Structures are given as C-alpha cells and as structure tokens.
Amino acid sequence: MRWPVRRIAAVFLALLAQPLLAQQPTLLEQASGVTAVLQAISPVNDSIVWVTGHAGVILRTRDGGRTWERLTAPAGDSLQFRDVYAVSADTAFVLSAGSGALSRIYRTTDGGASWQRQFVNRDSSAFYDCFDFWDGDHGLAVSDPVGGHHVLPVTADGGAGWHSAAPTRRPA
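The rules behind each value
- Residues numbered from 1 in each chain as written.
- Predicted model: local features only at pLDDT ≥ 70, side-chain atom pairs only at ≥ 80, totals over all residues.
- Heavy atoms only, no water.
- Helix = DSSP H or I, 4+ residues; strand = E, 2+ residues; numbered from the N terminus.
- Buried < 20%, exposed > 50% of the residue type's maximum accessible area, 1.4 Å probe, protein only.
- Polar contact = N/O pair within 3.5 Å; in protein donor to acceptor, adjacent residues only side chain to side chain.
- Contact = heavy atoms within 4.5 Å.
- Core = buried A, V, L, I, M, F, W, Y, C linked by side-chain atoms within 4.5 Å.
- Pairing = 2+ DSSP bridges.
- Axes fitted to C-alpha atoms, helices over the stretch in contact; angles between N-to-C directions.

Examining the side chain of glutamine 118
Stage number 1. Note on placement: glutamine 118 falls in strand β8 (residues 116–120).
Stage number 2. Judged by relative accessible area, glutamine 118 falls into the buried class, the value being 17%.
Stage number 3. At a separation of 3.3 Å, a polar atom in the side chain of glutamine 118 contacts the main-chain carbonyl oxygen of glycine 158.
Stage number 4. Residues contacting glutamine 118, with those up to four places away along its chain left out, are Phe93, Ile105, Tyr106, Arg107, Gly158, Gly159, Ala160 and Trp162.

If you want it as structure tokens, here you go:
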C-alpha cells in the first residue's frame with residue numbers, strides 16, 4: 001500500500017503537535033473579590049500575578065491565585081487602569097487610560113504601598129491605551145493616533161523619564 005505525500009505530512013504534523021497540545025495551560029476560575037471590570041494581567045511567574053481594571057482596581061496574588069489582595073491605587077478609585085507590567089512581587093507599572101491628564105503611568109517598588117507618578121499625558125488629543133516593557137527599564141506607551149500619527153513615548157530608565165520616540169524609530 002502506497003501512502004500519498006499529503007497523508008504522510010498530515011500524520012507527521014499530528015505527531016509533532018502532540019507535545020504542544022499537552023503543554024496547553026490549565027485555566028481555573030478564580031474569585032477576585034471585586035465587581036469592577038478587570039482589563040489587564042501581568043504574571044511574573046506561576047505564583048506572582050498583578051491585575052488591573054476599572055474603578056482604580058489593582059490586585060496582586062503571591063500564591064498562584066489562591067488569594068488576591070487589593071492594593072491601594074494612586075488617585076483612589078477615579079482611574080481606569082488599562083495595563084500593567086509586573087517586574088516582581090514588589091515592583092510593577094500601571095497605566096491609566098483617559099483623555100488628556102487621565103492617561104498616566106505609575107510605578108511601585110514596595111508592593112503597592114506607595115506609587116510614584118512617572119508619566120502624565122500633556123496632549124489633550126492623546127488617549128493612551130497600553131504599554132509594554134522589555135525589562136524593568138525599557139518600555140513604550142501607545143496612544144490612539146493624534147493627527148494621523150501614533151504618539152509613542154519611550155523610557156530607558158525604569159520610567160523616570162519619558163520622551164517621544166523619534167519618527168524614524170517608530171513601528172510602521
């Protein structure tokens with residue numbers, strides 16, 4: 001019996017896919033203890049995870065989600081936190097979204113006991129949606145387009161200073 005190339009390829013791909021399918025994460029429903037919309041998640045490892053959301057919600061677990069603690073948010077419950085980047089159990093960045101000065105970035109280095117404001121949007125036309133960091137020092141925030149162009153502030157010093165990415169260094 002002669003096997004066609006397509007059938008051999010299909011069997012080969014199926015065999016290759018088996019280990020990948022076995023590595024799929026297990027999703028477990030967890031109780032956050034809040035009713036606000038949760039919008040962003042940043043795991044440090046299997047135990048430490050930070051979550052942010054509307055109404056100033058910032059949560060952290062240090063035991064893989066068995067318990068969640070609500071941290072005191074900068075500006076109370078008035079901000080809508082759309083993104084979070086966790087560096088460790090103690091250090092994280094959060095981004096609040098909104099028009100003008102409501103778009104802000106804060107950093108904590110003491111597990112959320114205190115927050116340092118590191119960026120405030122000064123352009124009333126900009127609305128920051130998200131950010132990302134490559135490590136605890138290098139990051140990029142993204143605004144909706146203003147005048148047909150994305151506003152992309154970057155940091156290379158852990159958020160202490162932010163400057164606009166040069167037009168030649170912006171992603172297309």
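Moving on, there is more to tell.
Let's talk about the nonpolar core
Stage number 1. Core analysis: the largest hydrophobic core is formed by 15 residues, its most contacted members being Trp50, Ile58, Phe81, Val84, Val94, Tyr106 and Trp115.
Stage number 2. When residues of this core are traced back to their parent elements, those giving at least two are β5 (80–86) and β6 (92–97).
Stage number 3. A per-element tally of this core places β5 first, with 3 residues.
Stage number 4. Listed in part, the 11 residues of the second largest apolar core include Phe119, Ala126, Ala141 and Trp162.

Topic: the sheet that holds β6
Stage number 1. Read from one edge of the open sheet, 4 strands run β5-β6-β7-β8, paired in antiparallel fashion. Each edge of the open sheet is held by one strand with a lone partner, namely β5 and β8. Averaged over all pairs of adjacent strands, the angle between strand axes in this sheet comes to 20°, irrespective of strand direction.
Stage number 2. Bridging between strand β7 (residues 104–108) and β8 involves 4 bridges; their strand directions are antiparallel. What sits directly across from arginine 107, in β8, is glutamine 116.

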